[in-house]
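Residues per chain are reported as follows:
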Amino acid sequence: MFADRARIFIRAGKGGDGHVSFRREKYVANGGPDGGDGGRGGDVIFEVDEGLNTLQDYRHKRKFTARDGEQGGKRRCHGADGEDIVLKVPEGTVIKESESGKVIADMSGDNRRQIILKGGKGGLGNQHFATATMQVPKYAQPGQPAKELYVDLELKVIADVGLVGFPNVGKSTFLSRVTNAQPKIANYHFTTLNPNLGVVDLPDANGFVIADIPGLIEGASEGVGLGHQFLRHIERTKLMIHVVDAAGTEGRDPVDDIYKINNELKAYNADIANRPQVIAANKIDAIFTEDDPVQRLKDEFEPQGVKVFPISGVTGQGIKELLYYVSNELQHLDQETIVFEQEYFPEEEIPMNDLPYTVEKEDDMYVVEGPKIEKMLGYTNLDSERGFAFFQKFLKDSGILEQLEEAGIQEGDTVRMYGLQFDYYK
């Protein structure tokens, strides 16, 4: 069964805790601190595998966890880093945060490998906290907590051209004739149960990738029939060949068919409906009526800027002209693969709920501590510009800055949050 969607749970590794220990040495107070640092937690990484074309691997196993970092040891021994977990996906996979539906990553184009969840940093051992006034620190920093997330994987095939149209209009026959694809062909509705990709090679012209999208029916954008399950696969196409049964072999009107399918595309995604189209008036070998349905199609749609080509998937008539026209049109369109922009940044989403914290003044320093602060520091990479901007926003939105001002903080005063110290300026 073709698998183009999956929901999975991913978790990065927790950072290993720093260690508290003292070396045994004569005349050194309490032995002197020598606790080692904890190891870094493993990352969750997604990587494109050229040999995959479905998300079948994620149908049965749905939980993926990177290894935690090991705790630091005595004698300044550093804990081992947690092993990363690498999840292989086919090119064109879009990774979304499940609850919001926002894009985290699009594994397309140049993006072949991306860290989705970064492992927690290891905590510092007590050797780092020795000062002139505190020579025997009995405190070590805990490792940063693990990040976890439910994500939806969606495979959106990468093709230049999409074939759309009602079932049984001859899309699969057309694809088998113009490419090396071998789709199943039969006189049944919804015989195409997954998108078929093929490469069109043309002498003296640029080839292109073409995808046969499963047959749509009226109401597909609302979930009727099977076609709606595959509408996502035309989101990357630059141009669409709208295949229509010009002979009306199933009793439908070809002009009406075009409007109905276009309405479904518009209801699903207006941007897709506005992309360039060309009409392939198929099955002309089966036209036995006196009136010319192809001319009706031309009279209706060519004034709208949509070219109509009479073709026969069975005999091959008219197909060459259609393919060269499509190849030429593609040269005037943007050649870059359509890549979905990142909308969701896991490092900025910290589920802290109503965790407590305290703001107190100790000597000449303001100390902010508590589970809320510890969790925020664990999730935030302050070395990055985006992470530091998030840290500043967190201080403001959580009311910490307001409480510091109520406690009497002045510009230039020092604030300490566990191992982090900074000077306060408005």
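Just so we're clear, the structure is a prediction, and the values are computed from it rather than from any experiment.

1. Section: the packing of aromatic side chains
Each aromatic ring pair is described using two quantities: the centre-to-centre distance and the angle formed by the ring planes.
Item 1. Taken as a whole, this structure holds four aromatic pairs when the rule is applied.
Item 2. Ring centres 5.1 Å apart and planes at 50° place the aromatic pair Phe309 and Tyr325 in the tilted group. Of this pair, Phe309 sits in strand S14 (residues 307–310) while Tyr325 sits in helix H5 (residues 319–331); the two residues are 16 residues apart in sequence, bridging distant segments of the chain.
Item 3. Among the residues examined, Tyr325 registers a relative accessible area of 25% and is labelled partly exposed.
Item 4. Over the ring of Phe309 we find Lys307, and its NZ or CZ is 5.9 Å from the ring centre.

2. Notes on the pattern of salt bridges
Item 1. Within this structure, the stated rule accounts for 17 salt bridges.
Item 2. For Asp17, the salt bridge goes to Lys14, with nearest N and O atoms at 2.9 Å.
Item 3. A salt bridge links Glu369 to Arg416, with the shortest nitrogen-to-oxygen separation between them at 3.9 Å. Of this pair, Glu369 sits in strand S16 (residues 365–369) while Arg416 sits in strand S17 (residues 414–417), and the two are 47 residues apart along the sequence.
Item 4. Overlapping salt bridges, with partners in common, bring together Arg40, Asp43, Asp84 and Lys118 in one network.

3. Concerning a negative patch on the surface
Item 1. A cluster of acidic side chains, namely Glu290, Asp291, Asp292, Asp299, Glu300 and Glu302, defines a negative patch on the protein surface.
Item 2. Inspection of the secondary structure assignment puts Asp292 in the loop between strand S13 (277–282) and helix H4 (293–301).

4. Regarding the sheet that holds strand S11 (residues 205–212)
Item 1. The strand order S10-S11-S9-S12-S13-S14 describes an open sheet built from six strands, whose pairing is mixed. Both edges of this open sheet fall to strand S10 (196–202) and S14, since each of them pairs with a single strand only. Averaged over all pairs of adjacent strands, the angle between their axes in this sheet comes to 25°, without regard to strand direction.
Item 2. Two strands pair when backbone bridges link them, and S10 and S11 are joined in this way by six bridges, in the antiparallel orientation. Pairing of Val199 across the sheet is with Val209, part of S11.
Item 3. Against the sheet, helix H1 (residues 171–178) contacts strand S9 (161–164), S10, S11 and strand S12 (239–245), and its axis sits at roughly 145° relative to S11.
Item 4. Across the face of the sheet, helix H2 (residues 254–268) comes into contact with S12 and S13 while running at roughly 140° to S12.

5. Quick look at the confidence of the model for the protein
Detailed reading of the predicted model is not advised wherever pLDDT is low.
Item 1. Overall, the predicted model of the protein reaches an average pLDDT of 80, with 85% of residues at or above 70.
Item 2. Confidence over residues 183–192 falls short of pLDDT 50; this stretch has 25 contacts with residues more than four positions distant or in other chains.

6. Describing the nonpolar core
Item 1. Within the largest apolar cluster, 33 residues are counted, with the highest numbers of intra-cluster contacts made by Phe174, Phe208, Ile210, Ile241, Leu322 and Val326.
Item 2. Not counting residues up to four positions away in its chain, the partners in contact with Phe174 are Leu163, Ile210, Ile241, Ile311, Ile319, Leu322 and Leu323.

7. Quick look at H5
Item 1. Compared with the 18 Å implied by 1.5 Å per residue over 13 residues, the 19 Å span of H5 between its first and last C-alpha is a close match.
Item 2. Buried within H5 are the following residues: Ile319, Leu322, Leu323, Val326, Ser327 and Leu330. For H5, the angular spread of buried residues about the axis comes to 130°, placing them on one side.

Quick notes on the rules
- Residues numbered from 1 in each chain as written.
- Predicted model: local features only at pLDDT ≥ 70, side-chain atom pairs only at ≥ 80, totals over all residues.
- Heavy atoms only, no water.
- Phe/Tyr/Trp six-rings, centres within 6.5 Å; stacked < 30°, edge-to-face > 60°.
- Helix = DSSP H or I, 4+ residues; strand = E, 2+ residues; numbered from the N terminus.
- Buried < 20%, exposed > 50% of the residue type's maximum accessible area, 1.4 Å probe, protein only.
- Lys NZ or Arg CZ within 6 Å of the ring centre and 35° of its normal.
- Salt bridge = Lys/Arg side-chain N within 4 Å of Asp/Glu carboxyl O.
- Patch = residues over 30% accessible without salt bridge, like charges linked within 9 Å, V, L, I, M, F, W, Y side chains within 5 Å.
- Areas by Shrake-Rupley, 256 points an atom, 1.4 Å probe, with all protein chains shown as cover.
- Lys, Arg positive; Asp, Glu negative; His and termini not counted.
- Charge placed at Lys NZ, Arg CZ, Asp CG, Glu CD.
- Pairing = 2+ DSSP bridges.
- Axes fitted to C-alpha atoms, helices over the stretch in contact; angles between N-to-C directions.
- Contact = heavy atoms within 4.5 Å.
- pLDDT = per-residue confidence, 0-100.
- Core = buried A, V, L, I, M, F, W, Y, C linked by side-chain atoms within 4.5 Å.
- Expected span 1.5 Å × (residues − 1).
- Arc of directions from axis to C-beta.

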